[in-house]
Amino acid sequence: MIFWPLNESLCPYFVKVLINKLLSLEPGINAPFNLLAFPLMGLFTSWLLMEIANRFYGMVSMYVWPRFRKDIRESILTYTQGHAHGYFSEHFTGGLANKIAELPRACAHILDIFICNFFSTILTFCISLGLVLQINPLFGLILLVFVAIFVALTILNMKDINHTAKTHAEAISELDGQIVDSLGAMLAVRLFSRTSYELKYLNKYQTDEIKKSEQASWAIEKANFYKGWLTFIFVVITFSTLICAWNNRWITIGDCSLVTMTFFNLMGLIWHSTFHITQIAKEIGISNAALSILSAPHEIKNYPNARPLLINQGAIYLDRVTFSYKEKTNIFNEISVQIKGGEKVGLVGLSGSGKTTFVHLILRLYNLNSGKILIDNQDTS
Ligand SMILES: Nc1ncnc2c1ncn2[C@@H]1O[C@H](COP(=O)(O)OP(=O)(O)OP(=O)(O)O)[C@@H](O)[C@H]1O
Ligand SMILES: [Mg+2]
C-alpha cells in the first residue's frame, strides 16, 4: 500500500518530464528512446513495482483476512456460548446469528478501508503536494484550500451521515434477524396458520428499513451536493490559473500535465475517501450492535478455583431452594428434595407447574434465588 500511492503521485511527474523532453526534440532524430530513457524508465519501474506490490498485497490478504475473521468469529462465539440458558430464551437466535456473522466481516472491512484507502490517500496527497509546490506555490495553495474545505464539509456532514448510516445498519440487522427467526419457527407458523400474519409482521421491519435507507441516502446526497459544487469551482479555478500561468510562461506544458493529472487523481481519491467514511460509520454501527453480546456479562459464573464436579452415585439434594424467572412469582418456594443415587423419580404436575424448571435447575441452567443444590454432597450453586 506504499507503492500504489507512490506510483499514483510519481506518474504525473514522469509524464511531465516526458512531455517537456518531447517538446524539446526535433522530429526525426536518431535514437529518441535513449534521450527519453529517464522518464520512460521512471514510468515503467514505478508501474512495475506497484503491480508487484499489489499482487503481493493480494496474496497476503488471501491468507490474512479469512484467518482474521475466523479469530473474531471464534472469540465472539466462545463468549456467546458462555451465556446462561436464559440469555438464549430472551434473545432471538436469528438476531444473534446475524450479529455474530456480521462482526468479523465489518471489522475486516474497517481495517481494509484504513489500510487501502485512508493511508494511500494521505500518502498520495503529501507526495503530490510536494511536487505541485515545486512547480509553483500557487497550485500548492489551491490544492491545500480545496482539500481543507472538502475535509471541513465532510466533517460538518459527518454527524448526520454517521447517525443515519448507523440506524440504517441496525434496521437491516433487525430485519435479517426477524426473517431468520420467522423461518426457524416455520412449524409453529404453519400449525397456527399464521403465514400471512408473519408476512405482515415482517412488513413492519421492511418499511422501517426503507425509511432509514432513504434517510441515510439523503444525508449522503446532501453532502455530495456541496462537495460537487466545490469540485466544480476547484476545476474552474485550476484551469483558469493553469492557462494564465502558461500564458505568462511561469510554467511549462509538462507542468500543466503534472498539475492536471495530479489534481484529477487526488479528486478521485478524496471523493472515494469520503464515501468510505460513510462505509466506516455503517460498519461501526454493525460492530457496535454485535459487541452488545460481548458487553453483556455472563449470568452464571464459576467461583475462582472451583473444583470440578466428581460424580460417584449421583445423589441429588435440593436444600430449601427458592427460584423465580426474573421478577416473576416464585416457581419454587424453599423446597427441599432428596433423590438417592441411581433412584428413578417421576415428576407429576399440571402443565406449567415447574417440572422442566426443576430439571433445568439441577443442570444449573439458571441461578437460584436462594438455597443450594448438592450433587454427591458438592454444592453446585
Ligand atoms: N424461560 C422462562 N422465562 C420465564 N418464565 C418461564 C420460562 N420457562 C418457563 N417459565 C414459566 O415457569 C413456569 C413453569 O414452567 P415449566 O416449563 O417448568 O412447566 P412444566 O411443568 O415443565 O410444564 P409442561 O408440563 O407444559 O412442560 C410456567 O409458568 C412457565 O410459564
Ligand atoms: Mg415441561
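About the cut-offs
- Residues numbered from 1 in each chain as written.
- Chains lettered and ligands numbered in written order.
- Predicted model: local features only at pLDDT ≥ 70, side-chain atom pairs only at ≥ 80, totals over all residues.
- Heavy atoms only, no water.
- Helix = DSSP H or I, 4+ residues; strand = E, 2+ residues; numbered from the N terminus.
- Buried < 20%, exposed > 50% of the residue type's maximum accessible area, 1.4 Å probe, protein only.
- Contact = heavy atoms within 4.5 Å.
- Areas by Shrake-Rupley, 256 points an atom, 1.4 Å probe, with all protein chains shown as cover.
- Pairing = 2+ DSSP bridges.
- Salt bridge = Lys/Arg side-chain N within 4 Å of Asp/Glu carboxyl O.
- Near = heavy atom within 4 Å.
- Polar contact = N/O pair within 3.5 Å; in protein donor to acceptor, adjacent residues only side chain to side chain.
- Nonpolar A, V, L, I, M, F, W, Y, C, P; charged D, E, K, R; others polar.
- Phe/Tyr/Trp six-rings, centres within 6.5 Å; stacked < 30°, edge-to-face > 60°.
- Expected span 1.5 Å × (residues − 1).
- Bend = angle between axes of the 7 residues up to and from the residue.
- pLDDT = per-residue confidence, 0-100.

Trainee: Is there a simple way to think about the overall build of the chain in this case?
Mentor: The helix and strand inventory of the chain stands at 10 helices and 4 strands. Secondary structure elements of the chain, listed N to C terminal, follow the sequence α-α-α-α-α-α-α-α-α-β-β-α-β-β. Each principal axis of the C-alpha distribution contributes one length, and for the chain these read about 110 × 45 × 35 Å. The buried share of the chain, taken over its 381 residues, is 37%. Considering only contacts within the chain whose residues lie at least 6 apart along the sequence, 77% involve residues at least 24 apart. Accessible area of the chain: about 23200 Å², with a carbon and sulfur share of 65%.

Trainee: Help me understand unusual backbone geometry in this model?
Mentor: Residues apart from glycine generally show negative phi values, whereas peptide bonds are mostly found in trans. Here Glu-334, not a glycine, exhibits a phi torsion of approximately 50°, which is positive. Relative to the helices and strands, Glu-334 is located in strand S2 (residues 332–339). Assessed through its relative accessible area of 51%, Glu-334 is described here as exposed. Although it is not a glycine, Asn-377 adopts a positive phi angle of roughly 70°. Structurally, Asn-377 can be placed in the loop between strand S3 (370–375) and strand S4 (378–379).

Trainee: Even after reading the chapter, I still don't get the sheet that holds S2, so can you show me in this structure?
Mentor: Within a sheet, neighbouring strands are paired by backbone hydrogen bonds and run either parallel or antiparallel to one another. Pairing is antiparallel across the open sheet formed by 4 strands, whose spatial order is S2-S1-S3-S4. Two strands in the sheet have a free side with no partner beyond their single neighbour: S2 and S4. Pairing of strand S1 (residues 316–323) with S2 involves 5 bridges; the strand directions are antiparallel. Paired with Tyr-317 across the strands is Gln-338, a residue of S2.

Trainee: What exactly am I supposed to notice about the pattern of salt bridges here?
Mentor: A side chain of one charge can pair with a side chain of the opposite charge when the charged atoms of the two come close. Counted by the stated rule, this structure contains 9 salt bridges. With a shortest N-O distance of 3.6 Å, Lys-70 and Glu-74 are connected by a salt bridge. In this pair, Lys-70 and Glu-74 both sit in helix H3 (residues 37–81), 4 residues apart, roughly one turn of the helix. Lys-212 serves as the salt-bridge partner of Asp-208, at 3.2 Å between the closest nitrogen and oxygen. Of the two residues, Asp-208 and Lys-212 are both situated in helix H8 (residues 195–247); the distance of 4 residues between them amounts to about one turn of the helix. By relative accessible area, Asp-208 is classed as partly exposed at 26%. The class for Lys-212 is partly exposed, based on a relative accessible area of 21%. Three or more residues joined by partner-sharing salt bridges are found here, namely Glu-102, Arg-105 and Glu-283.

Trainee: Can you walk me through the site of ligand 1 in this structure?
Mentor: Taken together, 13 residues lie around ligand 1, and Ser-351, Gly-352, Lys-355, Thr-356 and Thr-357 are the ones closest in. Tyr-325 places a polar side-chain atom, nitrogen or oxygen, 3.4 Å from a nitrogen atom of ligand 1. Within the side chain of Lys-355, an N or O atom sits 2.8 Å from an oxygen atom of ligand 1. Per element, the largest residue contribution to the shell around ligand 1 is 3 residues, and it comes from helix H10 (residues 355–362). Within the shell around ligand 1, the residues separate by chemical class into 4 nonpolar, 7 polar and 2 charged.

Trainee: Mind showing me how you'd approach the packing of aromatic side chains here?
Mentor: Aromatic ring pairs are defined here through the distance separating the ring centres and the angle between the ring planes. Under the defined criterion, the tally for this structure stands at 18 aromatic pairs. Consider the rings of Phe-146 and Phe-234, whose centres lie 4.0 Å apart with planes at 20°: the pair is stacked. In this pair, Phe-146 sits in helix H6 (residues 137–184) while Phe-234 sits in helix H8, placing the two residues 88 residues apart along the sequence. Each member of the pair Phe-146 and Phe-234 is classed as buried. Consider the rings of Phe-332 and Phe-358, whose centres lie 6.2 Å apart with planes at 80°: the pair is edge-to-face.

Trainee: How should I be thinking about helix H1 (residues 3–24) in this particular structure?
Mentor: Residues spaced three or four apart along an α-helix point in a common direction, a consequence of the helix completing one turn every 3.6 residues. Helix length check: H1, at 22 residues, gives a terminal C-alpha distance of 31 Å against a target of 32 Å (1.5 Å per residue), a fit within 8%. Where H1 bends most, at Leu-10, the angle is about 30°, and the proline Pro-12 comes one to four residues later. If you check which residues of H1 are buried, you get Pro-5, Asn-7, Glu-8, Ser-9, Cys-11, Pro-12, Phe-14, Val-15, Lys-16, Val-17 and Leu-18. Taken together, the buried residues of H1 touch H3, helix H5 (93–135) and helix H9 (253–295).

Trainee: Even after reading the chapter, I still don't get the confidence of the model for the chain, so can you show me in this structure?
Mentor: Low pLDDT marks regions whose predicted coordinates should not be analysed in detail. Of all residues in the chain, 100% attain a pLDDT of 70 or more, and the chain-wide mean is 90. Across the chain, the secondary-structure element scoring lowest on mean pLDDT is helix H2 (residues 32–35), at 82, and the one scoring highest is S1, at 96.

Trainee: Teacher, can you tell me more about the pairing of S3 here?
Mentor: On a regular strand, one side chain projects to one face of the sheet and the next to the other, so that they alternate. Sheet analysis places S1 next to S3, joined by 5 bridges and oriented antiparallel. From the neighbouring strand, Thr-322 faces S3, where its bridge partner is Ser-370.

Trainee: Which parts of the structure should I look at to understand the environment of Ala-171?
Mentor: Here Ala-171 lies in helix H6. Using a relative accessible area of 5% as the deciding quantity, one classes Ala-171 as buried.

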